[in-house]
Amino acid sequence: IISLFKKEAFVILVPLVSLYAYQYFSLKKNSRYLKIKRSFPKQTKEENQEDVLFRIKNPVAFSLANFTLVSEFTLFKNPKGEKFIHFYLDDIKNNTVFGKKVGVQANTGMGIKEFGPDTYEMTDATGIHKLTLTSNKIINIKVFPKVYPTKLPKNISSKNSINFGQFDSTMRGNNVNFYGTKEHQPGDQVKHINWKLSLKSQKTIVNLFEQNTNSEISLLLVNDQRLHFGADATSTLEYCKDLLLSFCKQSAYSNNSLAVFTNDGVIKLNKGAQFLAHLEIEIMQLTPQKYSSNELHHSKIIRLTEVDHLYKKIILNQAQSNQIYIFTSMIRGKVWSCYFEMFLKLKRRFQKIHLIIPYGLEQVNLEIQREDALVVASHQKEMQKDLENLKFLCRRHGIQLSLVKIGQAWREEFTMTW
């Protein structure tokens, strides 16, 4: 009986083992020739709907089953708040090319987003063996801002304006009187290039004309990470960038000259549609600036060197501007105290100073864990007191203040009360 059992077991096990080995080695071989390509536009705009195309090619004579793809994609968030694309296919037949299109929305704000790495999981036709492949190839995608219209406050008119006075001039465009030449800088219009002088000097030379400007305005965007909170599209820095670009777009229509200052650098005084496009690219690539916070733990009153450098940068490049708009967030602490002291120093230099602050932790509170929600709720109560104190200080020192509530409704109807 034992000998018969051994023979029957041998007869049964040999085909099973051979099938097991065959499926294993065929899956391994298939993984060498399997090709997966992904295509996506290299640039897009906020809130645009784009299609990600995955092209899967299986050129060998073995079929695949239970194909699963997980691809990290910081461009968008799914309803669960996860930043990846995930889809499942029942099977991929042999000698076939399969395409899968996935629609995504750019809903994580402007900036340079990453697409990848990818993880692929598959099994053989019987579902016995499982194979996992990874691709570390990362694609950078530029997400340009979607600029929303906003109301433009009354500005102090320029001395170069044709109708100098309380209100902006109705005249538009540059003057026709030739003033001089200079070397081309980012933001200068292509139509003003002097091609003859450029050919002689082997440099790009631009013609200058007499100024016909309604107002010269300085804009300060504080991108210090210690003053901002939130992430992606609901961060305060994202709101500051959106507000600044909306202001710049309306100012460009009114023929105003703009200079933009950030913790990273300076965009010098300029105007026009070409300059506005250059400004969108620069603001899109702007990231939170990180500074060391070791000196903040000192009990005495401190002076931050980075705040002093920013103040000197503004004063040295102030040019003709006599008004400044400051876009920043507010977090209680020594850092905010140092920045507010700088704002008071700027008030002595500029005739008009306007402070724009996005606030509100409710939206951030929806996206964090329960342990952190209690801390955020306590900060929210303190922030209301701080805002009341800030209103009093701005009234006392003659600083105009605008508060913007963080939420989703503002994207549908973007209006600003100055």
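Details of the structure are given in the entry above.
Owing to the predicted nature of the structure, the values given are computational and were not obtained by experimental measurement. Numbering of residues begins from 1 in every chain and follows the order in which that chain's sequence is written. Reporting of local features is limited, given that this is a predicted model, to residues whose pLDDT is at least 70; pairs of side-chain atoms are given and counted only at 80 or more, and all residues count toward the totals for whole chains, interfaces and linings. Water and hydrogen atoms were dropped before computing side-chain values, which therefore reflect all heavy atoms in the structure.

A few words now on the overall build of the protein. Tallying secondary structure elements over the protein gives 8 helices and 17 strands in all. When accessible area is computed with a 1.4 Å probe and restricted to protein chains, residues below 20% of their type maximum are described as buried, those above 50% as exposed, and intermediate ones as partly exposed. Going through the 418 residues of the protein one by one, you find that 45% of them count as buried. Contacts between residues were defined by any pair of non-hydrogen atoms, one from each residue, lying within 4.5 Å. In the protein, the share of contacts with a sequence separation of at least 24, taken over all contacts with a separation of at least 6, comes to 75%. Accessible surface area values rest on a Shrake-Rupley calculation with a 1.4 Å probe, where residue burial reflects the displayed protein chains alone. About 23,400 Å² of surface is accessible on the protein, with carbon and sulfur atoms providing 54% of the total. In DSSP terms, a helix is any run of H or I states spanning at least four residues, a strand is any run of E spanning at least two, and both are numbered starting from the N terminus.

Turning next to the sheet that holds strand β15 (residues 323–327). Taken in spatial order, the 6 strands make up an open sheet running β14-β13-β12-β15-β16-β17, and their pairing is mixed. Both outer strands of the open sheet, β14 (266–270) and β17 (400–405), are each paired with one neighbouring strand and no more. Here the average twist between neighbouring strands, direction ignored, is 15 degrees. With axes taken as lines fitted to C-alpha atoms, and helix axes fitted only over the stretch in contact, angles between N-to-C directions fall between 0 and 180 degrees. Along the sheet, helix α5 (residues 305–316) makes contact with β12 (216–221), β13 (257–262), β14 and β15, crossing β13 at roughly 165 degrees. One requirement defines pairing of two strands: DSSP has to find at least two bridges between them.

Before going further, it helps to examine the nonpolar core. Here, nonpolar core means buried Ala, Val, Leu, Ile, Met, Phe, Trp, Tyr and Cys residues that are tied together by side-chain atoms lying within 4.5 Å of each other. Core analysis: the biggest nonpolar cluster contains 36 residues, and L220, F343 and L346 have the highest contact counts within it. Contributions of two or more residues to this core are made by β13, α5, β15, α6 (334–349), β16 (352–359) and α8 (370–397). In terms of residues, this core owes the most to one element, α6, which gives 9 residues. Other than its neighbours up to four places away in sequence, F343 contacts L220, V222, I326, T328, W336, I353 and L355.

With that settled, consider empty space enclosed by the protein. Cavities and pockets were defined on a 1 Å grid built from protein atoms only: a cavity is a group of points that admits a 1.4 Å probe but offers it no way out, a pocket is an open group of points flanked by protein on both sides within 12 Å along at least five of seven lines, and a lining residue is one with an atom within 4 Å of any such point. Grid points are joined across faces, edges and corners, and a volume is the space filled by probe spheres set on the points. For the structure on display, the rule yields 2 cavities of 30 Å³ or more. By volume, the second largest cavity is sized at about 30 Å³. Every residue lining the second largest cavity is listed: C248, A252, N256, L258, N270, K271, G272, F275 and L276. Elements with a contribution of two residues or more to the lining of the second largest cavity: α3 (236–253) and α4 (273–284).

Taking 1.5 Å of rise per residue, the 12 residues of α5 would be expected to cover 16 Å, and the 16 Å separating its terminal C-alpha atoms lies within 8% of that figure. For α5, the full list of buried residues reads E306, V307, D308, L310, Y311, K313, I314 and I315. Expected span of a helix: the number of residues minus one, times 1.5 Å.

Now for the packing of aromatic side chains. Two aromatic rings, drawn from Phe, Tyr or Trp (for Trp, its six-membered ring), form a pair once their centres lie within 6.5 Å of each other, and the interplanar angle then sorts them: stacked below 30 degrees, edge-to-face above 60, tilted otherwise. A complete count under the given rule lists 12 aromatic pairs for this structure. Seen in terms of ring centroids, F40 and F73 are 5.2 Å apart; in terms of plane orientation they differ by 90 degrees. Their pairing is edge-to-face. Here F40 is found in the loop between β1 (35–39) and β2 (43–45), whereas its partner F73 is found in strand β4 (residues 64–73), with 33 residues between them in sequence. With respect to class, F40 is no different from F73; both count as buried. Within the aromatic cluster, the residues linked to one another by ring pairs are F40, F54, F73, F76, F87 and F115.

A few words on the pattern of salt bridges. By definition here, a salt bridge exists when the distance from a side-chain nitrogen of Lys or Arg to a carboxyl oxygen of Asp or Glu is within 4 Å. The tally for this structure, following the rule as stated, stands at 7 salt bridges. One salt bridge connects R226 with D224, and the closest N-O pair in it is separated by 2.9 Å. The pair formed by R226 and D224 is uniform in burial state, with each residue classed as buried. Taking the shortest distance from any N to any O, the salt bridge between D386 and R332 comes out at 2.9 Å. Of this pair, D386 sits in helix α8 while R332 sits in the loop between β15 and α6, placing them 54 residues apart in sequence.

Here we come to the environment of I36. Looking at where I36 falls in the secondary structure, it is placed in strand β1. Assessed through its relative accessible area of 22%, I36 is described here as partly exposed. Not counting chain neighbours up to four residues away, the residues in contact with I36 comprise R55, I56, F67 and Y120.

Here the focus is the sheet that holds strand β6 (residues 96–105). Ordered in space as β1-β3-β6, the 3 strands form an open sheet in which the pairing is antiparallel. Bordering the open sheet on either side are β1 and β6, each of which pairs with just one other strand. The average angle at which neighbouring strand axes cross in this sheet is 15 degrees, direction not considered. The pairing of strand β3 (residues 49–58) with β6 spans 10 bridges and is classified as antiparallel. Across the sheet, F54 pairs through a bridge with K100, a residue of β6.

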